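Chains, contacts and geometry: an overview
Next come the chains, spelled out residue by residue.
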Amino acid sequence: MDDYEDLPHEALDDPFKPPHPPRKVRCLHCDQTYMSSLMKWQGGLWRCGIPGCDGAGYGFDVFDADGHMFAEEDEEEFDFDGEFDLDIDLESTEE
Ligand SMILES: [Zn+2]
């Protein structure tokens, strides 16, 4: 089940090698989200898995889809209802 076995050493040593096991990644060039296992070793680079995209390199053009790189965009629902937990009881501050 290890797709990496067929790859040349340079591919496995490449610092921009996709993660193993594969995880959901997103490409800065094509803005697509996909499994990193789609990335292909081609011409000495780990290419984006989307056909026709010139993005390359996990950690270079391709990042974890749920990483902080994309946090601002993906987290529309900020779980904060506007109420701090400041239940200061002004009448009983003195013991
Ligand atoms: Zn891409």
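Refer to the structure above for everything that follows.
Quantities reported herein were computed from a predicted structural model and do not represent experimental measurements.

**Looking at the overall build of the chain**
Looking only at helices and strands, the chain has two helices and five strands in total. Each helix and strand of the chain, placed in order from N terminus to C terminus, yields the pattern α-β-β-β-β-β-α. Split into buried and exposed, the 95 residues of the chain put 28% on the buried side. If you take every contact in the chain between residues at least 6 apart in sequence, the share linking residues at least 24 apart comes to 48%. As displayed, the chain has an accessible area near 7,600 Å², and 49% of this comes from carbon and sulfur atoms.

**Details of the coordination of the zinc ion**
Protein coordination at the zinc ion comes from C27 (SG), C30 (SG), C48 (SG) and C53 (SG), with a distance range of 2.2 to 2.3 Å. Around the zinc ion sit four donor atoms; with metal-centred angles ranging over 103 to 114°, the donor geometry is tetrahedral. As a motif over one chain, the donors of the zinc ion read C-x2-C-x17-C-x4-C.

**A word on the packing of aromatic side chains**
For the coordinates displayed, the defined rule picks out two aromatic pairs. Note on F16 and F60: the rings are 5.3 Å apart at their centroids and 55° apart in plane angle, and the pair reads as tilted. With F16 in the loop between α1 (9–13) and β1 (24–27) and F60 in the loop between β4 (45–47) and β5 (62–64), the pair connects residues that are 44 residues apart, well separated along the chain. Here F60 falls in the exposed class, since its relative accessible area comes to 51%.

Criteria and cut-off values
- Residues numbered from 1 in each chain as written.
- Predicted model: local features only at pLDDT ≥ 70, side-chain atom pairs only at ≥ 80, totals over all residues.
- Heavy atoms only, no water.
- Helix = DSSP H or I, 4+ residues; strand = E, 2+ residues; numbered from the N terminus.
- Buried < 20%, exposed > 50% of the residue type's maximum accessible area, 1.4 Å probe, protein only.
- Contact = heavy atoms within 4.5 Å.
- Areas by Shrake-Rupley, 256 points an atom, 1.4 Å probe, with all protein chains shown as cover.
- Donors = N, O, S within 2.8 Å, 3.2 Å for Na, K, Ca; no water.
- Tetrahedral: all angles 85-135°; square planar, octahedral: opposite > 155°, others 65-115°.
- Phe/Tyr/Trp six-rings, centres within 6.5 Å; stacked < 30°, edge-to-face > 60°.

Purely geometric numbers; function is a separate question.
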